[in-house]
Amino acid sequence: FKLNYDDVVQTPNKNHRTQFVDSDIRHPTKNGDAPDEGAAIVQYNTMPEDKEPKENNESRSSNVADVSPIRQQQCERQDMIQFNYYTVCNGLSNQLAGHAAFIASFIMSGKKVTIPDAFIFNGIQSERNTDGQTLKNVVATKDNSIPLTSIIDADTLLKTIRQYGVDACFIPHDMIVMSRKEHTTSKCSWLQQLRSSDNDIVATLLDAMKPSIPLSGIVKSVTSKIGDKLTNNNNNFISEEGVCLHYRNGTDWHNHCSIWKGNNCKNSGNRAIVDLVKERIPATYPKKWMYYVGDATPSERLVETMKEHTNLTTIHRIRDKLALSSNDEIRELVKNGSEELSLEKHRDIFAAIDFFVCKSVPSFIGNSVSTFSALQIAMRQGKNSSWYNSRSVPLLNGFLQAKVIPIVYTYTEESQAMGKILLKASITSVRQTFGMDIGIHVIYHGTEDRMFMYWLEKRKVTIHVHEPKWLPMIEDMLLDANHMNSHLYSHRGNYIGTWQRIDIPLFIDAEYVIFLDSDTIVRNKFDFSTFGDNITPGIAFSSETDEKWKVPYNAGVALLNVPLLRETYNEFLAFIQDHAQTKKDFVLGPSDQGAYLDFYHSFKNPGVVLRHEVSTYVQYLDQTFNVKPYYKNKDTFDKRRVIHFHGFKPQDLLKGLMGYGEDEFAPALHGLFKKIFRGNDHNLLCLALRDFALSVTIDDDDEDNLHQFCKAAFPFAHEEEITCKFFFQTLSKQQEGGHSNCKNILKLDVFEIKHQNKTASASSP
């Protein structure tokens with residue numbers, strides 16, 4: 001049995017997104033986070049922390065580690081005369097997020113970073129301010145804190161800070177606690193600072209906040225005991241089969257959810273946690289055990305019900321005696337003789353243990369309103385993480401922008417050759433825009449194209465082998481389809497590929513994903529905050545051919561709530577099967593697009609009249625995510641995130657610019673042909689083709705993609721193939737603001753080709 005110890009063992013040279021988090025949450029209030037900042041822009045205030053139940057005593061260990069602060073890392077005397085000070089406040093996640101935010105601001109200003117060496121081990125906020133809603137802050141005192149360097153590895157953090165070209169040191173703990181007189185009214189502005197700090201620097205600093213060696217040893221001990229317990233049950237448990245659940249369901253949580261101004265404080269749909277957990281585990285990758293972090297020890301009934309309905313064996317730190325307050329290693333972390341170590345008085349010590357154990361488990365399910373959960377989600381960058389309350393993640397929406405939306409494609413080896421070429425260009429565009437951080441998934445049908453699979457693996461794309469069980473049903477639908485209605489019906493393989501997306505919930509471990517057709521190019525970044533607090537509880541599509549008609553219509557780019565798709569999966573398949581058997585067309589569109597719109601408009605709303613409009617489970621996706629080359633609004637193009645070559649693919653647009661006529665395209669495209677090539681203003685179309693050129697011509701070791709593209713576009717016309725290469729190579733070198741004229745490039749190419757032909761003739765014997 002082995003868990004992921006990367007964020008537990010001291011590995012200073014490795015980058016892992018790691019963070020301590022507490023169990024407090026934030027809710028919108030009229031006033032700011034701090035009692036003296038009523039007019040501040042902050043709209044969240046800390047709620048009470050998680051409360052742990054009492055425990056049974058356990059025999060104490062004799063192995064006690066030395067956890068004294070690292071004196072050589074402390075600030076020198078001259079630093080202490082005029083040091084930049086910020087307040088450490090409240091629970092675990094507030095403290096560590098605050099450290100990251102303020103340190104990032106020092107780095108951005110080029111100042112020496114002076115870090116308060118204080119960790120509040122009981123930061124629960126229990127007193128209300130005079131407004132009756134916000135809670136008083138808790139700051140470090142001699143009685144409620146220990147050195148931060150007892151919890152965080154100082155060397156790793158300081159080394160990371162110094163890589164930005166600034167020096168750093170720790171202000172000694174005794175100076176921090178002596179410098180405060182008003183401990184419950186001090187300004188605590190970490191949220192405001194988090195909002196204004198550089199997100200990438202903050203993320204790097206969170207990565208660098210590794211546990212100290214003593215705390216790392218405690219976490220390793222807990223994870224080892226988990227393995228022992230699971231192995232003793234005569235099962236071969238492995239780490240990939242585990243999930244951590246952070247469940248908020250205590251009385252305090254319910255009380256404060258009653259004043260929460262958001263839409264998702266409690267269980268989604270007020271449903272049982274067992275059902276919500278089940279819907280967040282993909283069937284293709286089942287889980288067998290769960291590390292439970294909650295407001296109370298899980299009841300026997302919950303443990304049994306969870307096992308019965310999800311096949312998960314529940315593990316809990318107290319219930320299974322994995323780390324109790326009687327452990328000498330934990331007691332040594334505190335070294336506070338005035339207080340006997342207990343869960344009630346040192347709750348943030350145990351929160352740190354739970355956090356790092358949870359971090360070592362491959363998958364996570366939490367409550368996104370909780371700071372504990374929000375930072376788990378952020379540091380995992382949305383990979384293998386979901387939240388049972390669904391909808392928004394307030395901390396990530398307003399304060400810490402994080403890439404937590406994985407991107408999903410589908411692909412079948414039965415598709416036309418051009419499908420693979422376009423998919424490679426699209427994936428390349430994602431990596432050009434986001435780098436390697438964002439998760440990319442391909443639901444892949446076929447086993448023969450090993451070279452393409454290797455290409456995907458080199459770009460860190462997760463491949464999910466797909467053997468759809470519904471193929472006979474889809475083939476029947478293709479036979480009965482009216483091919484004049486959509487270009488989707490023109491090729492069997494392409495048609496299968498469009499339907500593959502209905503199996504996304506079988507594979508993807510995430511709360512939300514962005515689905516992209518292969519004929520898309522991602523040009524500008526987005527993150528979870530892009531979708532706002534009112535993110536769809538179901539699906540979100542954007543406009544179709546008419547850019548002025550802003551209704552959910554086109555499924556080529558889609559924002560999808562994966563757990564809802566999983567909840568409705570069998571019902572959705574039955575819905576499609578019924579249409580296939582009765583040969584009924586979908587009302588709101590062809591193929592899978594119509595199926596999605598018809599079904600989810602009607603979900604929990606039987607008898608509704610189907611129209612292209614927003615409904616509870618079908619929302620509108622901002623048009624910048626689905627910009628068509630034939631759109632005319634320049635402002636939309638300037639803000640574009642995704643270009644979608646809907647109907648006319650890049651090669652078709654090039655052919656149109658080269659003078660191909662309407663009759664040389666499929667009948668289903670004739671309407672678009674008139675829309676695109678009527679008139680001579682092709683500047684925005686040319687801009688879309690430039691976006692494609694940047695990704696089809698620039699791809700590290702895969703320079704052959706442009707050659708393959710042009711060869712597939714013009715299989716029997718060598719000169720036009722040469723024109724194609726020249727066109728996209730030239731276009732990729734032009735600046736976006738330079739008003740590229742695609743037809744001028746084509747005119748220039750005529751002379752280039754003639755010159756090449758003359759040169760070839762002159763050199764021939």
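Before any of the text, the structure's been laid out above.
Attention in this report is confined to the structure presented alongside it. (Residues numbered from 1 in each chain as written. Predicted model: local features only at pLDDT ≥ 70, side-chain atom pairs only at ≥ 80, totals over all residues. Heavy atoms only, no water.)

Section: the overall build of the protein chain
Phase 1 of the analysis: Looking only at helices and strands, the protein chain has 28 helices and 20 strands in total.
Phase 2 of the analysis: Out of the 765 residues belonging to the protein chain, those deemed buried represent 60%.
Phase 3 of the analysis: For the protein chain, restricting intrachain contacts to residue pairs at least 6 apart in sequence, the fraction spanning at least 24 positions comes to 74%.
Phase 4 of the analysis: Surface exposure of the protein chain reaches about 31100 Å², of which carbon and sulfur atoms provide 48%. (Helix = DSSP H or I, 4+ residues; strand = E, 2+ residues; numbered from the N terminus. Buried < 20%, exposed > 50% of the residue type's maximum accessible area, 1.4 Å probe, protein only. Contact = heavy atoms within 4.5 Å. Areas by Shrake-Rupley, 256 points an atom, 1.4 Å probe, with all protein chains shown as cover.)

Focus on the sheet that holds strand β13 (residues 440–445)
Phase 1 of the analysis: Overall, mixed pairing links the 7 strands, which are arranged β14-β13-β12-β15-β18-β17-β19 in an open sheet. Among the strands making up the open sheet, the edge pair consists of β14 (461–465) and β19 (618–620). Averaged over all pairs of adjacent strands, the angle between strand axes in this sheet comes to 30°, irrespective of strand direction.
Phase 2 of the analysis: Along the sheet, helix α15 (residues 417–434) contacts β12 (407–412), β13, β14 and β15 (512–516); its crossing angle with β12, the most-contacted strand, is approximately 165°. (Pairing = 2+ DSSP bridges. Axes fitted to C-alpha atoms, helices over the stretch in contact; angles between N-to-C directions.)

Focus on the pattern of salt bridges
Phase 1 of the analysis: For the structure on display, the rule yields 27 salt bridges.
Phase 2 of the analysis: With its nearest N and O atoms 3.4 Å apart, the salt bridge here joins D635 to K639.
Phase 3 of the analysis: Residue D691 is joined to R640 by a salt bridge in which the shortest nitrogen-to-oxygen separation is 2.6 Å. Here R640 lies in the loop between α22 (634–638) and β20 (642–644) and D691 lies in helix α25 (residues 683–696), a separation of 51 residues in the sequence. (Salt bridge = Lys/Arg side-chain N within 4 Å of Asp/Glu carboxyl O.)

Here we look at the pairing of β12
Phase 1 of the analysis: The buried fraction of β12 is high, at 6 of 6 residues.
Phase 2 of the analysis: The two faces of β12 match: I407, Y409 and Y411 on one face and V408, T410 and T412 on the other face are all buried.
Phase 3 of the analysis: In this sheet, β13 lies alongside β12 in parallel orientation, the contact comprising 6 bridges. Within β13, the position partnered with T412 by the bridge is H445.
Phase 4 of the analysis: This β-α-β element, β12 to α15 to β13, shows right-handed connectivity.
Phase 5 of the analysis: Looking at chain direction, β12 and β15 are connected through 2 bridges and run parallel. Looking at the pairing, V408 lines up with F515 of β15. (Right-handed = clockwise from strand over helix to strand, strands pointing away.)

Observations regarding the packing of aromatic side chains
Phase 1 of the analysis: Counted under the stated rule, the structure contains 42 aromatic pairs.
Phase 2 of the analysis: Seen from their ring centres, F709 and F728 are 5.5 Å apart, and the 85° between their planes marks the pair as edge-to-face. Remark: F728 occurs in helix α27 (residues 718–732) and F709 occurs in helix α26 (residues 704–713); sequence separation between them is 19 residues.
Phase 3 of the analysis: Classification of F709 by relative accessible area gives buried; the value is 0%.
Phase 4 of the analysis: One aromatic cluster is present, built from ring pairs that chain together Y495, W499, F541, F572, F575, F586, Y596, F599, Y600, F603 and Y617.
Phase 5 of the analysis: A cation over an aromatic ring shows up here: K655 above the ring of F714, its NZ or CZ 5.5 Å from the ring centre. (Phe/Tyr/Trp six-rings, centres within 6.5 Å; stacked < 30°, edge-to-face > 60°. Lys NZ or Arg CZ within 6 Å of the ring centre and 35° of its normal.)

Remarks on the pairing of strand β17 (residues 539–542)
Phase 1 of the analysis: A two-sided burial pattern is seen for β17, the buried positions comprising I539 and F541 on one face and A540 and S542 on the other.
Phase 2 of the analysis: As defined by bridge partners, β17 adjoins strand β18 (residues 554–561) across 3 bridges and the pair is classed as antiparallel. Among the inter-strand pairings, I539 is bridged to a residue of β18, identified as L560.
Phase 3 of the analysis: Summarising the sheet, β17 and β19 pair through 3 bridges and their orientation is parallel. By the bridge assignment for β19, F541 is matched with Y620.

Quick notes on the sheet that holds strand β7 (residues 242–247)
Phase 1 of the analysis: Across the sheet, 5 strands lie side by side as β9-β8-β7-β10-β11; this open sheet has parallel pairing. In this open sheet, the two edge strands, each paired with only one partner strand, are β9 (313–316) and β11 (385–387). Within the sheet, the average angular offset between the axes of one strand and its neighbour, ignoring direction, is 25°.
Phase 2 of the analysis: Two elements, strand β10 (residues 363–366) and β11, share 3 bridges in a ladder whose sense is parallel.

Some words on the state of the cysteines
Phase 1 of the analysis: Tallying each qualifying case throughout the model produces 6 disulfides.
Phase 2 of the analysis: C75 shares a disulfide with C169; S-S distance 2.0 Å. Because the torsion about its S-S bond is 95°, the bridge between C75 and C169 counts as right-handed. Of this pair, C75 sits in the loop between β2 (44–46) and α1 (77–81) while C169 sits in strand β6 (residues 168–171), and the two are 94 residues apart along the sequence. As far as the burial class goes, C75 and C169 line up, both buried.
Phase 3 of the analysis: Residue C710 pairs covalently with C724 via a disulfide, S to S 2.1 Å. The disulfide joining C710 to C724 has a torsion of about -75° about its S-S bond and is therefore left-handed. (Disulfide = S-S within 2.5 Å.)

A few points about unusual backbone geometry
Phase 1 of the analysis: You will see that K321, though not glycine, has its phi angle at about 55°, which is positive.
Phase 2 of the analysis: Relative accessible area serves as the criterion here: at 41%, K321 is assigned to the partly exposed category.
Phase 3 of the analysis: With a phi angle near 55°, K583 is a residue other than glycine that sits in the positive phi range.
Phase 4 of the analysis: Position of K583 among the secondary structure elements: in the loop between α20 (569–582) and α21 (591–602).

Examining the nonpolar core
Phase 1 of the analysis: Of all hydrophobic cores here, the largest spans 114 residues; its most connected members are I115, I161 and Y291.
Phase 2 of the analysis: Per-element tally for this core: the top contributor is helix α2 (residues 92–109), with 10 residues.
Phase 3 of the analysis: If near-sequence neighbours (up to four positions away) are discounted, I161 is found in contact with I103, I107, V113, I115, V166, A168 and L205.
Phase 4 of the analysis: One finds L653, I676, F726 and L746 within the second-largest nonpolar core, a separate group that totals 44 residues. (Core = buried A, V, L, I, M, F, W, Y, C linked by side-chain atoms within 4.5 Å.)

Notes on the packing of helix α18 (residues 492–499) against α21
Phase 1 of the analysis: At a minimum axis distance of 8 Å, the contact between α18 and α21 shows a crossing angle of 20°. The angle between the axes of α18 and α21 places the two elements in the roughly parallel class. Note on packing geometry: the crossing formed by α18 with α21 is right-handed. When α18 is examined against α21, the residues Y495, T498 and W499 are found in contact with a partner set consisting of S591, D592 and A595.
Phase 2 of the analysis: Looking at side-chain class alone, the contact of α18 with α21 contains 3 nonpolar, 2 polar and 1 charged residues. (Parallel < 35°, antiparallel > 145°, perpendicular 65-115°, else oblique. Left-handed = near helix turned anticlockwise from the far one by under 90°. Nonpolar A, V, L, I, M, F, W, Y, C, P; charged D, E, K, R; others polar.)

Structural notes on the environment of F452
Phase 1 of the analysis: Along the chain, the position of F452 falls in helix α16 (residues 450–458).
Phase 2 of the analysis: Each C-alpha atom of the pair F452 and K424 lies 9.1 Å from the other, and the pair is 28 residues apart in sequence.
Phase 3 of the analysis: The contacts of F452, once residues within four sequence positions are left out, are Y411, K420, L423, K424 and Y444.

Everything listed here is a matter of geometry and, on its own, says nothing about what the molecule does.
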